Amino acid sequence: MSSKRKENTEETDFSLRRTKKSADTDAIDVLCNQLRKLEFFTKSNDLYSFKQTSDLKISSLSHVQSFRNLLLHQVLPWVREITAIPLDNTIDLTCSKYEYGDVLLCHDDELERRRIAFIYYLVPEWSTEDGGTLDLFTIDEHGDPDVIFKSLTPKWNSFIFFEVNPVSFHQVSEVITSTKKRLSINGWFHGPPLDRPKLQKLPSSRILESANTIPLEEWINPTYLKIETQIQIRKQFEKYSEIQLPNFLNTEKFNAICSQLRNNSNLVWYNEGPATKCRMDLLKFSTFPPIARNCFDLFNSERFYIFLATLTGLIIGGCKPLFSVETDSSEYSENEELIGDILTGSDISDNEDLSLNESENYEIFAKKDIEKTLSNISSPSLNNQSVQQDCNQVEDPTASGNDRRTPFRRCCHGGFRRWKHKYYTLIRDSDPENTELGLDIVTFFCSSAWKTECGGTTVYLAKNEDEELLTIRPADNTLSLVYRDTDTIKFVKYINHRFQAIVDDQDSSFFDLAMTYYE
């Protein structure tokens, strides 16, 4: 059948056909039994989670090869005829198995010479409530996926195929049933490649530095304002390029933000997309409640840039660290256990006084001078040139007169995000983060109900590699800092229905404040 839909003056042309013919039931049962004997490999990344065999052309099982021959000698010529696409005799063919929680997110299947995608379902009695539907998307004015216009429920012994092109956006929805397996044979027929629109690199959107002066000591756990702690954090960060700081914000401030994010009915959240990039909610800036706005202004202020620079040894928005550390490995080893307790959050409270080895060397400022400087820094200007370099500065467009000459920076981007069931981010080659060095930070709110099996973790990978370099798990009031180079990519794993199952209707989401900082 052919499915066309015109909606809001936008037209989607997604042609597919579904056939179901009488067949030798015994032969299909044998085919299923042979498929179950094959080795299935777990396939898991930002886009999908399921199990799949190797290409079936290498299988020696009789009915598997008979089915492949059927595709090659009968189905392919028929598809070639009715589509008028000059398909060659190349077939990619595998068996896929989707189980409880598995999913394949929105994509278009385009890869050089793939022209027809097909699926042959070998499922038990299946309903929409079981999940695992094949969902087809309309497109918007930019050619991106918009909304689902058709969902096809798997049916035993049915064969679906559709043309692969720049708008063939589709997904396999999450499998909800825990008692059934979604088994299928799937693959592609090949032919002459289509012209694909050139990939447009997205611009990096950076926000203007806040002019509000937010005292660090009113917001940040005093443990992290101590020079001894900062030295040890710097050592850890310079060694691993990442660190997590538990109990980061003042408890009262943190709880107040949680309450506002959860209960304030005046907040306006909007869905970020398209589905081939992400699905999440962003908080509209103009509706930030005062407590959340102050937190955001703190994270986007000059004094916080200097604080981050001091913790990491990086230059943030042109701001240098307040000191440099000459690491003595023997001294570090002596304190390693205590340092580990501090940095992993063992028994750290808001007012805990930490006693560390102070033999590390630091320069530029004496200890008292550093603490005084951190307390007295005021945005938006800083005259102490020993901690500031030239950076990308702009005039405040809202200022006038002498105030208009005050320099402001655009050296970060980010905001408050809301996460719930079916939300995720995907890796895209057009993302500006793929070409820029950056310091990623994130702190979570209302995430105490989260469990590892729910998804929602932030995963860092080396480009073109599957092995995870780092996983950031949602944890209330923990600040995670990760330095990412241009060979490192990240994504947020799909949040599956297990999360919804462990929370009540009113608490079916959690939040974070995520920022990325640049030099």
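So, here's what we can say about the structure. (Residues numbered from 1 in each chain as written. Predicted model: local features only at pLDDT ≥ 70, side-chain atom pairs only at ≥ 80, totals over all residues. Heavy atoms only, no water.)

A word on the pattern of salt bridges
Thought 1: Counted by the stated rule, this structure contains 14 salt bridges.
Thought 2: With its nearest N and O atoms 4.0 Å apart, the salt bridge here joins Asp281 to Lys420. Of the two residues, Asp281 sits in strand β15 (residues 278-283) while Lys420 sits in strand β20 (residues 412-420), which places them 139 residues apart along the sequence.
Thought 3: A relative accessible area of 27% means that Lys420 is categorised as partly exposed.
Thought 4: Of the charged contacts in the structure, one is a salt bridge between Lys490 and Asp440, with a shortest N-O distance of 3.3 Å. Remark: Asp440 occurs in strand β22 (residues 438-445) and Lys490 occurs in strand β26 (residues 488-492); sequence separation between them is 50 residues.
Thought 5: Given the relative accessible area of 3%, Asp440 is considered buried.
Thought 6: Look at the salt bridges and you will find they share partners, linking Lys51, Glu99 and Lys181 into a network. (Salt bridge = Lys/Arg side-chain N within 4 Å of Asp/Glu carboxyl O. Helix = DSSP H or I, 4+ residues; strand = E, 2+ residues; numbered from the N terminus. Buried < 20%, exposed > 50% of the residue type's maximum accessible area, 1.4 Å probe, protein only.)

Brief notes about helix α7 (residues 302-312)
Thought 1: The buried fraction of α7 amounts to 11 of the 11 residues, a majority that puts the element mostly inside the structure.
Thought 2: Looking only at α7, the buried set comprises Glu302, Arg303, Phe304, Tyr305, Ile306, Phe307, Leu308, Ala309, Thr310, Leu311 and Thr312.
Thought 3: Remark: Gly313 follows α7 within two positions and exhibits a positive phi of approximately 80°.

A closer look at the nonpolar core
Thought 1: Core analysis: the largest hydrophobic core is formed by 54 residues, its most contacted members being Ile220, Phe248, Phe299, Phe304, Phe416, Phe445 and Tyr517.
Thought 2: In terms of residue count, α7 provides more of this core than any other element does, seven residues in total.
Thought 3: Apart from residues no more than four positions distant in its own chain, Phe299 is found in contact with Phe248, Leu249, Phe304, Tyr305, Ile441, Thr443, Leu479, Leu513, Met515 and Tyr517.
Thought 4: Counting residues in each nonpolar core, the second largest holds 28 residues, with Cys32, Leu35, Leu87 and Tyr120 among its members. (Core = buried A, V, L, I, M, F, W, Y, C linked by side-chain atoms within 4.5 Å. Contact = heavy atoms within 4.5 Å.)

Describing the packing of helix α4 (residues 227-240) against α7
Thought 1: Contact geometry of α4 with α7 gives a least axis separation of 6 Å together with a crossing angle of 65°. The angle between α4 and α7 places the two elements in the roughly perpendicular class. On α7, the residues touching Gln230, Ile233, Arg234, Phe237 and Glu238 of α4 are Phe307, Ala309, Thr310, Leu311 and Thr312.
Thought 2: Per-class residue counts for the contact of α4 with α7 are five nonpolar, three polar and two charged. (Axes fitted to C-alpha atoms, helices over the stretch in contact; angles between N-to-C directions. Parallel < 35°, antiparallel > 145°, perpendicular 65-115°, else oblique. Nonpolar A, V, L, I, M, F, W, Y, C, P; charged D, E, K, R; others polar.)

By themselves, these observations are geometric and do not establish any function.
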